[in-house]
Amino acid sequence: HEPGLVSHIAQNISAGLFGENICFFLRPHPQDLKFKQRFSSELKSDGVHWEDASLTSLSQLKELFLCADILISTQGSISLDAVALDCCVINVAFDGDLEPAHDESVKRAYEMDHYQPVLNSGGVAIVRNYTELDNALSAYLLDRTLHAEGRIKLRETMLEPFDGRAVERTVELLLDELKAATKIV
């Protein structure tokens, strides 16, 4: 679904739909080594810039989010990375120009329980068609504070504290769960 989405956004940028001086930066998944083939025509569009698929350093990813106004992606942890740095997020919940079976649809990813807190937070825009995508892009470009309270809620409930001890807390939680499970047996 992604080439159709990128093409749609690139065409609208070229047409001036979102205003002047808009730059679209395509960051492929680090393991997407065929993205240049899938996006060959889109990468030639004016206003579309990209980096090669690679494991970006966390400091480089941080800089991208600090420079970006909006992250556009399907659901995933990259959305939380953006929210951590108060970058607006648009989650794409439709299949672009494709009509896949339900089990292959992007829509299916939004049914997962673990992503419901993000959906319910009000901190990200969920778009289900091209019109909603265009409206969300325009709204965020006009007002970066849109959904700011929801992003704060997400940071407070899912990400903070930012103290460098997340792994330690995770291990502690897993050990507590393991101890509780072994007592039951």
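So, here is what we can say about the structure in this document. (Residues numbered from 1 in each chain as written. Predicted model: local features only at pLDDT ≥ 70, side-chain atom pairs only at ≥ 80, totals over all residues. Heavy atoms only, no water.)

Structural notes on helix α7 (residues 148–159)
Of the positions making up α7, those classed as buried are A148, G150, R151, L154 and R155. One side of α7 carries all its buried residues, which in axial view fall inside an arc of 155 degrees. Exposed positions of α7 whose direction lies more than 90 degrees from the buried face are E149, E156 and T157. Close packing links the buried residues of α7 with α4 (77–84), β4 (88–92), α5 (116–121) and α6 (130–142). (Buried < 20%, exposed > 50% of the residue type's maximum accessible area, 1.4 Å probe, protein only. Helix = DSSP H or I, 4+ residues; strand = E, 2+ residues; numbered from the N terminus. Arc of directions from axis to C-beta. Contact = heavy atoms within 4.5 Å.)

What about the packing of α4 against α7?
Between α4 and α7, whose axes approach to 9 Å, the crossing angle comes to 110 degrees. Accordingly, the angle class assigned to the pair α4 and α7 is roughly perpendicular. Seen along the crossing, α4 lies across α7 with a hand that is left-handed. Of the residues in α7, those in contact with L80, V83 and A84 of α4 are R151, L154, R155, M158 and L159. Looking at the contact of α4 with α7 residue by residue, the class counts come to 6 nonpolar, no polar and 2 charged. (Axes fitted to C-alpha atoms, helices over the stretch in contact; angles between N-to-C directions. Parallel < 35°, antiparallel > 145°, perpendicular 65-115°, else oblique. Left-handed = near helix turned anticlockwise from the far one by under 90°. Nonpolar A, V, L, I, M, F, W, Y, C, P; charged D, E, K, R; others polar.)

Things to note about the packing of aromatic side chains
Considering all chains together, one arrives at 2 aromatic pairs under this definition. Measuring from centroid to centroid gives 5.1 Å for F94 and Y130, while their planes differ by 80 degrees, and the two rings are edge-to-face. One end of the pair, F94, is in the loop between β4 and α5; the other, Y130, is in helix α6, and 36 residues separate them in sequence. Taken as a pair, F94 and Y130 share a single burial class, namely buried. For the ring pair Y110 and Y115, a centre distance of 6.1 Å and an interplane angle of 80 degrees mean the geometry is edge-to-face. The class for Y110 is buried, based on a relative accessible area of 9%. (Phe/Tyr/Trp six-rings, centres within 6.5 Å; stacked < 30°, edge-to-face > 60°.)

Observations concerning the nonpolar core
As a rule of thumb, soluble globular proteins bury nonpolar side chains together. F24, L26, I90, V127, L133 and L137 are the most contacted members of the largest nonpolar core, which has 25 residues in total. Mapped by element, the contributors of at least two residues to this core are α1 (2–14), β1 (24–26), β4, β5 (125–127) and α6. L133 has contacts with L5, H8, I9, I72, I90 and V127, leaving out every residue within four places of it along the chain. (Core = buried A, V, L, I, M, F, W, Y, C linked by side-chain atoms within 4.5 Å.)

Quick look at unusual backbone geometry
In this structure, P161 follows E160 across a cis peptide bond, with omega equal to 5 degrees. Following the sequence through the fold, P161 ends up in the loop between α7 and α8 (166–184).

Description of the pairing of β4
Of all 5 residues in β4, 5 are buried; the element is thus mostly enclosed. Burial along β4 is two-sided: C88, I90 and V92 and V89 and N91, pointing in opposite directions, are all buried. Taken together, the 4 bridges between strand β3 (residues 70–73) and β4 define a ladder with parallel strand orientation. Bridge assignment links S73 to a residue of β4, and that residue is N91. Handedness of the crossover joining β3 and β4 through α4 is recorded here as right-handed. As judged from the 3 bridges shared by β4 and β5, these two strands associate in the parallel manner. Of the residues in β5, the one forming a bridge with N91 is I126. Following the chain from β4 across α5 to the adjacent parallel β5, one finds a crossover that is right-handed. (Pairing = 2+ DSSP bridges. Right-handed = clockwise from strand over helix to strand, strands pointing away.)

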